[in-house]
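Each chain, letter by letter, is given below.
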Amino acid sequence: MSWAPSFLVDGQTPGVSTVNTIFTAASTYVNALDRYALRRGALNVHQTPSVIATQGASFPVSASHSGLGVHTYDKATAAGTITYTAFGTDGATDRHLIGGPTAGSPITPSAAAQVSITPTQFVGNNGTDQTQLILVMFDLEVVDVTNSATAASVMACLQFQLDGAGTWYTMSKTERWSSRDDHKSSPTDSNEKMWYPIAIRTMIRASTVNAVADATANQVSGIRAMVSSSSAAGAIIELGSYRLSAIPLLSSLV
Amino acid sequence: MSWEFPSSLFRTGTVLDWLDVNGQLALYASQIDGGLNEHNFEAAVGADLYTAQKLSENVAIRAFQTATARDPATPSGLLLVPPTEQWTNCGGEIDFGSPGGKAVVMISFQTYGNAFSTPEGPGLQFAIELDGAPQMSTLLGSGDMSNDRMNTDESTSSQIPLNSGVSFRALYEAHAIQGLFTVDAGKHTVRLLARFPYTTNTNVPDHRIGSVETIVLVLRA
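Residues numbered from 1 in each chain as written. Chains lettered and ligands numbered in written order. Predicted model: local features only at pLDDT ≥ 70, side-chain atom pairs only at ≥ 80, totals over all residues. Heavy atoms only, no water.

J.: Quick question: what am I supposed to make of the overall build of chain B here?
T.: Along its length, chain B carries two helices and 12 strands. In sequence order, the secondary structure elements of chain B are arranged as α-α-β-β-β-β-β-β-β-β-β-β-β-β. Out of the 221 residues belonging to chain B, those deemed buried represent 47%. Here the analysis covers contacts within chain B between residues at least 6 apart in sequence; of these, 81% occur between residues at least 24 apart. (Helix = DSSP H or I, 4+ residues; strand = E, 2+ residues; numbered from the N terminus. Buried < 20%, exposed > 50% of the residue type's maximum accessible area, 1.4 Å probe, protein only. Contact = heavy atoms within 4.5 Å.)

Dropping the structure here:
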């Protein structure tokens, strides 16, 4: 804080003027407190008021599929390659969106693993939006990887889109691999399912947006999960339940 | 706003005790520097000062985050876990301050375990460390050997335990562990821990940690 009170000292005659000066200094300081003074630390966390964790009627947002249905993805249903290509690669050419083509799947997913951020959000306290970060949580069950003679990994990552159109940006820190063969007692036994999880937690903040665009000009409009296979031999990925959640927070961010 | 200063009104003719005045003023000053809360501000003022939104829900949050991205395709670039049965630091460390209350801790990470050459070898168990103490409520990978993975001996059809110590030893896996903790006011530290459930009678496989992201939400609830 930048204000230190004046005190009376022993032997001083506390006249009206002296006392008023002390009072006036105190009231002036309190009245001068504004948002920027607070952000500079005039008050500390003890004075932080009740803050809502989410804003807007549509938050938090989530997409999920539960139950025992299995989504099957192969090279044909993915309309092109689903082969993983490179770490941190953006776009949709090398990964397949969960909840997309589902030919061959016994159950149609109830929703795509994609959420829209409505209204779109500046992240990092720009303009009138106060969102400091978007907390993203993704959980997925991998049932099996079939039709692959070689050891196949399932890749997953989280992406975000800005301003409702254009590139889906991969967050490289969320890229995850999970290998098939050593999750099974017998990799060649088609009757054995794995049902192992892939769990990702991440945070979209101003620096995340600034890595690919301008956090003061571009707003986060969507988040989605992507899955692909490391095998180029037409591996078929079977996925179980999944849930993708995004929660914009008004939190202060350290 | 509640009346803070002076705590007793001065009236005409009152003989002021300078120690009393100073004491009241010092108390008021200390409240400005740590003792006021939302009850001392009108709701409309607070809404403008703090959020430009609305005040509701008795929760305040401060968020902390650290993230390290490592390409899983390059195992040499991942963090090698020391071959020990003791809990060891695997990164994702965050120091955070709390006014006292709750803290939500999430650690999401990629693992690499080159266990193919030693199929009987152990894998890893994981936990969140809070202020130097492993939080066993977050243990990932049970110590219950009855849950150990079994393999079928092709020649005898008998079930053979893999002796993985109910740990994670696949070539690649993606995990997240999280917990809700009660913390005192002050500074705290969280990080990811890993250990091998056993290291005897075998060569400990090469196990590594890839990308790690730690998120701490400090709640005043």
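Moving on from the coordinates now.
J.: Help me understand the overall build of chain A in this model?
T.: When helices and strands are tallied, chain A shows three helices and 12 strands. Counting the 254 residues in chain A, one finds 54% classified as buried. Contacts spanning at least 24 positions in sequence make up 78% of the contacts within chain A whose residues lie at least 6 apart. For chain A, the computed accessible surface area is about 10200 Å², with 54% contributed by carbon and sulfur atoms. (Areas by Shrake-Rupley, 256 points an atom, 1.4 Å probe, with all protein chains shown as cover.)

J.: For this particular structure, what's the right way to read the nonpolar core?
T.: Nonpolar side chains tend toward joint burial in soluble globular proteins. With 37 residues, the main nonpolar core has Phe138(A), Ile198(A), Ile204(A) and Ile223(A) as its most contacted residues. For this core, the elements supplying multiple residues, two or more each, are β4 (114-121), β5 (133-146), β6 (153-162), β9 (196-204), β10 (220-229) and β11 (236-249) of chain A. Ranked by the residues each element gives to this core, the list is headed by β5(A), at six residues. Listed in part, the 25 residues of the second largest apolar core include Cys90(B), Phe96(B), Phe196(B) and Val218(B). (Core = buried A, V, L, I, M, F, W, Y, C linked by side-chain atoms within 4.5 Å.)

J.: For this particular structure, what's the right way to read the pairing of strand β5 (residues 101-114) of chain B?
T.: Successive residues of a regular strand alternate their side chains across the two faces of the sheet. Residue and element names in this part refer to chain B. Across the 14 residues of β5, 11 count as buried, placing the element largely inside the fold. Across 12 bridges, the pairing between β5 and strand β10 (residues 172-183) is antiparallel. Bridging from a neighbouring strand, Val-104 pairs with Leu-180 of β10. Examined bridge by bridge, β5 and strand β12 (residues 206-219) share 12 bridges and lie antiparallel to one another. Paired with Gly-113 across the two strands is His-207, which belongs to β12. (Pairing = 2+ DSSP bridges.)

J.: Sorry, what's going on with helix α1 (residues 16-32) of chain A here?
T.: Given 3.6 residues per turn, any residue in an α-helix points the same way as the ones three and four places further on. All names here are of chain A. Here α1 is 17 residues long and its end C-alpha atoms lie 24 Å apart, about the 24 Å a rise of 1.5 Å per residue gives. Those residues of α1 lying buried are Val-19, Ile-22, Ala-26 and Tyr-29. Considered in projection along α1, the buried side chains sweep an arc of 105° and stay on one side of the axis. Exposed side chains of α1 directed beyond 90 degrees from the buried face belong to Val-16, Ser-17, Asn-31 and Ala-32. (Expected span 1.5 Å × (residues − 1). Arc of directions from axis to C-beta.)

J.: Sorry if this is basic, but what is going on with the confidence of the model for chain A here?
T.: For residues with low pLDDT, the predicted coordinates do not support detailed interpretation. Residues of chain A with pLDDT of at least 70 account for 60%, and the chain-wide mean is 71. Low pLDDT, under 50, characterises residues 100-110 of chain A; the stretch is placed with 23 contacts to residues that sit more than four places away or in other chains. (pLDDT = per-residue confidence, 0-100.)

J.: What should I look at first to understand the side chain of Arg208(B) in this one?
T.: Residues and elements named next belong to chain B. Turning to its location among the elements, Arg-208 is positioned in strand β12. Look at Arg-208 and you get buried, because its relative accessible area is 15%. At a separation of 3.4 Å, a polar atom in the side chain of Arg-208 contacts the main-chain carbonyl oxygen of Pro-75. Filtering out sequence-adjacent residues up to four positions away, Arg-208 remains in contact with Pro-75, Ser-76, Leu-78, Leu-79, Leu-80, Val-81, Gln-110, Thr-111 and Tyr-112. (Polar contact = N/O pair within 3.5 Å; in protein donor to acceptor, adjacent residues only side chain to side chain.)

J.: What's the story with the packing of aromatic side chains in this structure? I'm lost.
T.: Taken as a whole, this structure holds six aromatic pairs over all chains when the rule is applied. Seen in terms of ring centroids, Phe109(B) and Phe126(B) are 4.7 Å apart; in terms of plane orientation they differ by 55°. Their pairing is tilted. With Phe109(B) in strand β5 and Phe126(B) in strand β6 (residues 125-130), this residue pair connects regions lying 17 residues apart in the sequence. Residue Phe109(B) shares its accessibility class with Phe126(B), and that shared class is buried. In textbook terms, an aromatic cluster arises when at least three aromatic residues are bridged by ring pairs, as seen for Trp177(A), Tyr112(B) and Tyr172(B). (Phe/Tyr/Trp six-rings, centres within 6.5 Å; stacked < 30°, edge-to-face > 60°.)

J.: What am I meant to see in unusual backbone geometry here?
T.: When glycine is set aside, most residues are seen to have a negative phi, and most peptide bonds are trans. We note that Asp163(A) has phi near 60°; this positive angle belongs to a residue other than glycine. A relative accessible area of 38% means that Asp163(A) is categorised as partly exposed. One non-glycine residue, Asp131(B), adopts positive backbone phi at about 55°. With respect to the element layout, Asp131(B) can be found in the loop between β6 and β7 (133-140).

J.: Explain the pattern of salt bridges here, please?
T.: Side-chain pairs of opposite charge can arise where the charged atoms are in close proximity. Residues and elements named next belong to chain B. Tallied over the entire structure, the rule returns five salt bridges over all chains. The partner of Arg-191 in a salt bridge is Glu-129, and the shortest N-O contact between them spans 2.4 Å. Residue Arg-191 is found in strand β11 (residues 186-195), and its partner Glu-129 is found in strand β6; the two are separated by 62 residues along the sequence. The exposure class assigned to Glu-129 is buried, which follows from its relative accessible area of 8%. Put simply, Arg-208 and Asp-206 hold a salt bridge, and the shortest N to O gap is 2.8 Å. Note on Asp-206: relative accessible area 27%, which makes it partly exposed. Where salt bridges share partners, they join Glu-93, Glu-129 and Arg-191 into one cluster. (Salt bridge = Lys/Arg side-chain N within 4 Å of Asp/Glu carboxyl O.)

J.: How do you make sense of the side chain of His188(B) when you look at a structure like this?
T.: Residues and elements named next belong to chain B. Looking at where His-188 falls in the secondary structure, it is placed in strand β11. For His-188, a relative accessible area of 7% gives the class buried. There is a polar contact of 2.6 Å between the side chain of His-188 and the backbone oxygen of Asp-184. If sequence neighbours within four positions are ignored, His-188 has contacts with Ile-94, Asp-95, Phe-96, Ser-98, Leu-130, Asp-131 and Val-183.

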